[in-house]
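Spelled out from the first residue to the last, the chains are:
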Amino acid sequence: MKKDLHTRHGGRILADALVAQGVRMAFGVPGESYLPLLDGLRDVQDRLKLVVTRQEGGASYMAEAYGKLTGEPGVLLVTRGPGATNGAVGVHTGFQDSTPMVMLIGQVGNEMVEREAFQEIDYRRMFGQMAKWVAQIDRVERIPEYVSHAFHTAMAGRPGPVVLALPEDMLFSDAAVADVARHHVVRPAPSPADVSTLKDLLQKAERPFVILGGGGWTREATHKVQAWAEAHALPVGTSFRCQDLFDNRSPSYAGDVGIGINPKLAQRVKDADVVLVVGARLGEMTTGAYTLFEVPQPRQTLVHVHAGAEELGRVYRPALAINSGYPQFADALPGVQKSWKAQSEAARAEYLEWIAPRPMPGALHYGEVIQWLSRTLPEDAIVAGGAGNFAGWLHRHFQYKGFRTQLGPTNGSMGYGYPAAVAAKLAAPGRTVLAVCGDGDFLMNGQEIATAVQYGANFVALVVNNGLYGTIRMHQEREYPGRVFGTDLRNPDFAAYARAFGGHGETVEKTADFAAAFERASKSGKPALIELRIDPDAITPATTLSAVREKALKSRQ
Ligand SMILES: Cc1ncc(C[n+]2csc(CCOP(=O)(O)OP(=O)(O)O)c2C)c(N)n1
Ligand SMILES: [Mg+2]
């Protein structure tokens, strides 16, 4: 090929394509399978920061959290076979969370493909169910086209992850090809007929309820929905781990419709006559395992608004299905000559009663710690949590005050909180970031303290240590009381672990000691970790492990 100004190797074309799509930060672990891409990224490092992590699982959660936080596709770079398999967890998470992501995987060269060469996997088959689209770029001159397609797909309708495999020979070859401009984000808007039907339904409603959830929101849209709900005194809940879509301090906020839901809130949703669901896909966690609404025809009049047309009627047959982006829907909200003040006041009172911490065994009252953090952290602080019973206190006692202040995996994927917090701090260095981890959960990606130290992501992480895979122990005691197996943990000294990486470490055993430890950790100028030693009997914000066991034993007598 004739060399001219525009001739670049595949790695550089790809790096430029990412920059052209607006990518400012990417996460990954290097591999010999994509050396030209690393070389290309070296040339654009002033525009695109590559964050190199210690395990692709951590990198993939970081890319997912970045996508969730910014609304722009989170970009993940991994090597073939082992890198792709390690990185799969963030792709699954992004899919269930409707988070835009683009995963780039080094691939065996075309000259040896299909021989089961070193680390060879067919990514189309591997990620077929996990991603919105999986493709392989076989021709170097088509990189800009594939990248444009990938970013459009990740952002379209219900956002989600896209995977591109990069054969090594393709990356090493040259082409003279133009960049493609940044992707469009196209969102449908509700029709006037839909809006007027919604207005009629609400006008007749006696016990309406609104549920907000999902990915694809904007700050302005959440503010508009909140102002509308407050103007009509509509009670509003949020779906599982989407509690930051509505200011939890609003008189209209009634709590989260997620796992471990307030039973009074669950009853309120069941008893509602009209339920307006915007953005949530009504998955298992948001529907109380499909019990709040009957499948496929709910008793409530269901109005389902979703940006992905294929989500409408997927589980539930709505009375009114509206295919719309959420900003577009927020702009079209109908005025109603009605207010449901008595309902929202009752819902609010039940919520406030629910979030007050209960007494718990032991000297460290974790619920009070969360309540203290909720009162003390700045309004725009980002709280990243993982999966395990420890997260139950966070969901219940922390009040989210604004858009994108919560990062959590709706697929209940352990190990998410710590790397998500690293990504959040790097993406939003001016904001306070807190990670809330379990002892089991934390060590799934505890190695990413090294990444936090290397890139100066200075935030505080809590590790709630009960010496258990507590969630599983709880289920075990309920199903097979007294027959404990495989759920005990022998833990390291977490504070010393943090210090070994160059971080700051603290151990707290009493409620009264927490505030001072948090102050020291926040001011340490390092990634900081505070281990909270809680009584293993304190298994949820409301019950003890021994009570779970006794109840199970009694029911078997
Ligand atoms: C990646 C992954 N592996 C396993 C599980 C199953 N699981 C759910 S919660 C849990 C235990 C969590 O333990 P810990 O982080 O210590 O929190 P705790 O429940 O003790 O508060 C396990 C093993 C999961 N959800 N995700
Ligand atoms: Mg635990």
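Along each chain, the written sequence defines residue order, and numbers are assigned to residues from 1. For this description, chains carry letters from A and ligands carry numbers from 1, given in the order in which they are written. Residue-level local features of this predicted model are given only where pLDDT is at least 70; pairs of side-chain atoms are given and counted only at 80 or more, and the full residue set underlies all totals for whole chains, interfaces and linings. In computing side-chain properties, one takes all heavy atoms of the structure into account and sets aside hydrogens as well as water.

Concerning the packing of helix 18 (residues 470-479) against helix 21 (residues 545-556)
Selection criterion: Lines fitted to C-alpha atoms define the axes, with helix axes restricted to the stretch in contact, and inter-axis angles between N-to-C directions lie between 0 and 180 degrees. Strands here mean DSSP runs of E at least two residues long; helices mean DSSP runs of H or I at least four residues long; both are numbered from the N terminus. Just so you know how the angles are binned, under 35 degrees is roughly parallel, over 145 roughly antiparallel, 65 to 115 roughly perpendicular, and the rest oblique. A crossing counts as left-handed when the near helix is turned anticlockwise from the far one by less than a right angle, and as right-handed when that turn is clockwise. Contacts are residue-level and defined by heavy atoms, with any inter-residue pair within 4.5 Å sufficient.
One way to put it is that helix 18 packs onto helix 21 with a least axis distance of 7 Å and a crossing angle of 20°. Our classification of the angle between helix 18 and helix 21 gives roughly parallel. In this structure, helix 18 meets helix 21 at a crossing whose hand is right-handed. Note on element contacts: helix 21 touches helix 18 through Leu 545, Val 548, Arg 549, Ala 552 and Arg 556, opposite Arg 473, Met 474, Glu 477, Arg 478 and Glu 479.

A short note on helix 12 (residues 341-355)
Rules: Here, expected helix span is obtained from the residue count minus one, scaled by 1.5 Å. Whether a residue is buried, partly exposed or exposed follows from its accessible area with a 1.4 Å probe, protein chains only, as a fraction of its type maximum: under 20%, in between, or over 50%, in that order. The directions from the helix axis to the C-beta atoms are what the arc is built from.
Here helix 12 spans 21 Å end to end across 15 residues, near enough to the 21 Å set by a 1.5 Å rise per residue. All of the buried residues in helix 12 are Ser 344, Ala 347, Arg 348, Tyr 351, Trp 354 and Ile 355. On an axial view of helix 12, the arc spanned by its buried residues comes to 120°, and they lie on one face. Taken together, the buried residues of helix 12 touch strand 11 (253-257), helix 10 (263-271) and helix 14 (390-397).

Structural notes on the side chain of Glu 477
What counts, and what does not: Two N or O atoms form a polar contact when they lie within 3.5 Å of each other; inside protein one atom must be a possible hydrogen donor and the other a possible acceptor, and for residues adjacent in sequence the pair counts only when both atoms belong to side chains.
Within the element layout of this structure, Glu 477 appears in helix 18. Owing to a relative accessible area of 1%, Glu 477 belongs among the buried residues under this scheme. A distance of 2.8 Å separates a polar atom in the side chain of Glu 477 from the backbone nitrogen of Gly 482. Excluding anything up to four places from it in sequence, Glu 477 contacts Gly 482, Val 484, Leu 545, Val 548, Arg 549 and Ala 552.

Things to note about unusual backbone geometry
With an omega of -5°, the peptide bond running from Val 295 to Pro 296 counts as cis. Unusually for a residue other than glycine, Gln 119 sits at a positive phi of about 60°. Among the secondary structure elements, Gln 119 is positioned in the loop between strand 5 (101-107) and helix 5 (123-126). Owing to a relative accessible area of 22%, Gln 119 belongs among the partly exposed residues under this scheme. In this model, Tyr 290 sits at a positive phi of 60°, which is unusual for a non-glycine residue. In this structure Tyr 290 comes out as partly exposed when scored by relative accessible area, which is 35%.

Details of the sheet that holds strand 16 (residues 406-407)
Cut-off, in case you're wondering: What makes two strands pair is DSSP finding at least two bridges between them.
Ordered by their spatial adjacency, six strands build an open sheet running 16-15-17-18-20-19, and the pairing between neighbours is parallel. Of all strands in the sheet, those bounded by a partner on one side alone are strand 16 and strand 19 (504-508).

Quick word on the pattern of salt bridges
What counts is decided by this rule: Salt bridge, as applied in this entry: a Lys or Arg side-chain nitrogen positioned within 4 Å of an Asp or Glu carboxyl oxygen.
Within this structure, the stated rule accounts for 32 salt bridges. Here Arg 404 makes a salt bridge to Asp 244, at a shortest N to O gap of 3.5 Å. With Arg 404 in the loop between helix 14 and strand 16 and Asp 244 in the loop between strand 10 (236-239) and strand 11, the pair connects residues that are 160 residues apart, well separated along the chain. When sorted by exposure, Arg 404 lands in the same class as Asp 244, which is buried. Glu 479 is paired through a salt bridge with Arg 478; the nearest N and O atoms lie 3.1 Å apart. Judged by relative accessible area, Glu 479 falls into the partly exposed class, the value being 40%. For Arg 478, a relative accessible area of 37% puts it in the partly exposed group.

A word on helix 13 (residues 366-376)
The periodicity of an α-helix, 3.6 residues per turn, causes residues three or four positions apart to be oriented the same way. Along helix 13, the positions that sit buried rather than exposed are Tyr 366, Gly 367, Val 369, Ile 370, Gln 371, Leu 373 and Ser 374. As for helix 13, its buried residues are in contact with helix 14, strand 17 (433-438), strand 18 (460-465), helix 20 (514-522) and strand 20 (528-533).

Let's talk about the pairing of strand 9 (residues 208-212)
Spelled out, the test is: Crossover handedness is defined here as right-handed if the route from the first strand over the helix to the second strand goes clockwise, with the strands pointing away from the viewer.
Of all five residues in strand 9, five are buried, a share of seventy percent or more. On strand 9, burial covers both faces: Pro 208, Val 210 and Leu 212 on one face and Phe 209 and Ile 211 on the other are all buried. Here strand 9 pairs with strand 12 (residues 274-278) via five bridges, running parallel. Each bridged residue has a counterpart across the sheet, and for Phe 209 the counterpart in strand 12 is Val 275. Relative to strand 10, strand 9 runs parallel, the two being bridged by three bridges. Its bridge partner being in strand 10, Ile 211 is matched across the sheet by Gly 237. Regarding the hand of the β-α-β motif, the stretch spanning strand 9, helix 9 (residues 219-231) and strand 10 is right-handed.

A closer look at the environment of Thr 218
By the secondary structure assignment, Thr 218 is in the loop between strand 9 and helix 9. By relative accessible area, Thr 218 is classed as partly exposed at 27%. If we skip the residues at most four places from it in the chain, Thr 218 touches Pro 327 and Phe 403. For Thr 218, the side chain forms a polar contact with the main-chain nitrogen of Ala 221, separated by 3.1 Å.

As for the environment of Val 484
Among the structural elements, Val 484 can be located in the loop between helix 18 and helix 19 (494-500). Taking the C-alpha atoms as reference points, Val 484 and Val 548, separated by 64 residues in sequence, lie 13 Å from one another. Contacts of Val 484, omitting those with residues within four sequence positions, involve Arg 473, Gln 476 and Glu 477.

Thoughts on the site of ligand 1
The criterion, for reference: In these notes, residues near a molecule or strand are those with any non-hydrogen atom within 4 Å of it. Only the protein chains shown count as cover for residues, with accessible areas throughout obtained via the Shrake-Rupley method and a probe of 1.4 Å. As a working rule, the residues Ala, Val, Leu, Ile, Met, Phe, Trp, Tyr, Cys and Pro are called nonpolar, Asp, Glu, Lys and Arg charged, and the rest polar, with Gly in that last group.
Taken together, 17 residues are adjacent to ligand 1, and Gly 412, Asp 439, Asp 441, Gly 470 and Thr 471 come closest. Within the contact set of ligand 1, an oxygen atom lies 2.7 Å away from a backbone nitrogen or oxygen of Gly 470. Here ligand 1 loses 76% of its free accessible area of 590 Å² to cover by the protein chains. Counted by class, the shell around ligand 1 contains seven nonpolar, eight polar and two charged residues.

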